[in-house]
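Architecture at a glance
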There are 2 protein chains.
Amino acid sequence: MAMAKSVKKPSRAAASPYHHGDLRRALIDAALALAAEGGPSAVSVREAARRAGVSPGAPFRHFDSREALMTAVAEEAQQRFRAEIEAALAGAVAEGPLRQLKLLGMAYLRWAMRNPAHFEIISTGRWFDHDAAVEVSRDNADAIALSEQLLAQAAASGQLRSVDLKATQIAGRALVYGLARMNIDRHFLRWGVQPEQVERIAEQALDVFIGGIAR
Amino acid sequence: MAMAKSVKKPSRAAASPYHHGDLRRALIDAALALAAEGGPSAVSVREAARRAGVSPGAPFRHFDSREALMTAVAEEAQQRFRAEIEAALAGAVAEGPLRQLKLLGMAYLRWAMRNPAHFEIISTGRWFDHDAAVEVSRDNADAIALSEQLLAQAAASGQLRSVDLKATQIAGRALVYGLARMNIDRHFLRWGVQPEQVERIAEQALDVFIGGIAR
DNA sequence: ACCTGAACACCGTTCAAGT
DNA sequence: ACCTGAACACCGTTCAAGT
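In this text the structure is predicted, and so the values were computed from the model without any measurement. (Residues numbered from 1 in each chain as written. Chains lettered and ligands numbered in written order. Predicted model: local features only at pLDDT ≥ 70, side-chain atom pairs only at ≥ 80, totals over all residues. Heavy atoms only, no water.)

**Thoughts on the nonpolar core**
Here is the rule we go by: In plain words, nonpolar cores are sets of buried Ala, Val, Leu, Ile, Met, Phe, Trp, Tyr and Cys residues tied together by side-chain atoms within 4.5 Å. Categorising residues by exposure relies on relative accessible area from a 1.4 Å probe, with only protein chains included: less than 20% of the type maximum marks a residue as buried, more than 50% marks it as exposed, and the intermediate range marks it as partly exposed. Contact criterion: two residues are considered in contact whenever any of their non-hydrogen atoms come within 4.5 Å of each other.
Phe119, Leu179 and Phe188 of chain A together with Phe119, Leu179 and Phe188 of chain B are the most contacted members of the largest nonpolar core, which has 144 residues in total. Discounting chain neighbours no more than four positions away, the residues touching phenylalanine 119 of chain A are Phe81, Tyr108, Trp111, Ala112, Tyr177, Ala180 and Ile184 of chain A.

Pasting the structure below:
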């Protein structure tokens, strides 16, 4: 009897619903997968629990609410987003400020367009409590500061047409966010742009913008 | 007894839950109000029914599903959106194409920013079936055609820097959609823009863009 | 300490029954 | 023809009880 028990335990470590191991992690992964499959609204605590093989109440040991789970999901997505942008900028420190701005925009767009549901979660703000997501807020402030700095550099070396840096900065962000959003909201089909052309046309739009602000 | 009945009927025409009069209209209005109060996700068939003073099943006599109700709401919102844009352009037929583009953008942004929830419904596409919303699709195609025409006019009279009209057109739409979306998603607070400054800064961003594409 | 399973208050949707 | 009210299958969340 004691032996049967000791044989059973290790072999059923994954199958047994009791003592999961890292349920918190499993729930975040399930939520990320659900979002990728059906959008942020397809994330449900009960379905995440089902996929993790636990009862409907179990997730509430790890997250106070569905919103708290979404906040953790957002933090995870934000980390991936940031990593992609940092990698893109790492090899471009020697470039001019407008070139760096373009690379920043392209990295932003690439990730947003290849991970539309995860991008939607971190940017829409309806899915979780932004103030509770420390990393998301910090990364965002960092990105804003970086674009401000690059624009100031460009202005200082006489590369810009407009003197209104704040409006230029916001226009630039609105452009990339708008492109990412048009992709999420399936606007490109109405604009006659096929899915495989979206990244290319987005890059061209970014070129039009940067060409426009440049002297 | 017959008299009591004939007295009762007219005086309770509104209070009596039976034979509503125009339940369809009342449900659309309730849904519009719910959206304005708590965003599109706050629209529920049951709550709309409650506000209209009918039972939970009653709405399904008029709408096949929640999505069908949202489609009707979107059609109504789209009509208001279109009316605002047409009014703004009506007095500008004599203006140059770039000036008309700016007025088009400003009218778009004004309505989007003053009716964020209704704008979100018609533009997000997750809230209803776009193919079932004939008016929304038609209006959108019209707006695309108009901006294309204005840009072509500007190009023909040598007013543009870039030759890539398609990319320019998409960049312009991404800019205004991005600004409207940043407002919905509360990004402007993170950018240090107070609510009462949003429309002004959006206009400045639009000026930067149009100044940028102009020769 | 961590999870189950029943429970409660919601929601969308259906359908027989009422007027 | 139009609406009620009960029902069903969901969902988020709580909580006593199990291990």
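The structure having been displayed, the exposition proceeds.
**So, empty space enclosed by the protein**
Rule in force here: Throughout, the protein atoms alone are placed on a 1 Å grid, and a set of points is a cavity if a 1.4 Å probe fits but cannot get out or a pocket if it is open with protein on both sides within 12 Å along at least five of seven lines; lining residues have an atom within 4 Å of a point. Grid points are joined across faces, edges and corners, and a volume is the space filled by probe spheres set on the points. Each helix corresponds to a stretch of at least 4 residues labelled H or I by DSSP, and each strand to a stretch of at least 2 residues labelled E; elements are numbered beginning at the N terminus. As a working rule, the residues Ala, Val, Leu, Ile, Met, Phe, Trp, Tyr, Cys and Pro are called nonpolar, Asp, Glu, Lys and Arg charged, and the rest polar, with Gly in that last group.
Going through the model one piece at a time under the given rule, you end up with two cavities of 30 Å³ or more. Approximately 70 Å³ is the volume found for the largest cavity. Forming the walls of the largest cavity are Glu120, Thr124, Arg126, Trp127 and Arg181 of chain A together with Glu120, Thr124, Arg126, Trp127 and Arg181 of chain B. When contributions to the lining of the largest cavity are tallied by element, the ones reaching two or more residues are helix H6 (116-124) of chain A together with helix H6 (116-124) of chain B. Considered class by class, the residues forming the lining of the largest cavity number two nonpolar, two polar and six charged. Estimated volume of the second largest cavity: approximately 30 Å³. Val45, Pro59, Phe60, Phe63, Ser65, Arg66 and Leu69 of chain A are the residues that line the second largest cavity.

**Quick look at the pattern of salt bridges**
Note the threshold: Throughout this description, the term salt bridge denotes a Lys or Arg side-chain nitrogen within 4 Å of a carboxyl oxygen of Asp or Glu.
Scanning the model with the defined rule gives 33 salt bridges over all chains in all. With a closest N to O distance of 2.9 Å, glutamate 120 of chain A and arginine 126 of chain B form a salt bridge. One end of the pair, glutamate 120 of chain A, is in helix H6; the other, arginine 126 of chain B, is in the loop between H6 and helix H7 (134-156), on a second chain. Among the residues examined, arginine 126 of chain B registers a relative accessible area of 33% and is labelled partly exposed. Across the salt bridge formed by arginine 82 of chain B and aspartate 139 of chain B, the nearest N and O atoms sit 2.4 Å from each other. In this pair, arginine 82 of chain B sits in helix H4 (residues 66-90) while aspartate 139 of chain B sits in helix H7, placing the two residues 57 residues apart along the sequence. Assessed through its relative accessible area of 5%, aspartate 139 of chain B is described here as buried. Put simply, Arg82, Glu86, Arg138, Asp139 and Asp142 of chain A are held in one network by salt bridges that share partners.

**Describing the interface of chain A and chain B**
Where we set the bar: Two parts placed together each lose some accessible area under a 1.4 Å probe, and adding up what both lose gives the buried area.
Facing 45 residues of chain A, the contacting portion of chain B comprises 45 residues. In total, about 3,800 Å² of surface goes out of reach between chain A and chain B, with carbon and sulfur atoms giving 64% of it. Interface area lost by chain A to chain B is led by Arg126, Arg190 and Trp191 of chain A, which between them contribute 20%. Taken together, the links from chain A to chain B amount to two salt bridges. Where the side of chain A that touches chain B is concerned, the elements lending two or more residues are H6, helix H7 (134-156), helix H8 (165-184) and helix H9 (198-213) of chain A. With 14 residues, H8 of chain A is the single largest residue contributor to the side of chain A that touches chain B. Along the lines of polarity and charge, the residues of the side of chain A that touches chain B split into 19 nonpolar, 16 polar and 10 charged.

Worth remembering: the numbers are spatial, not functional.
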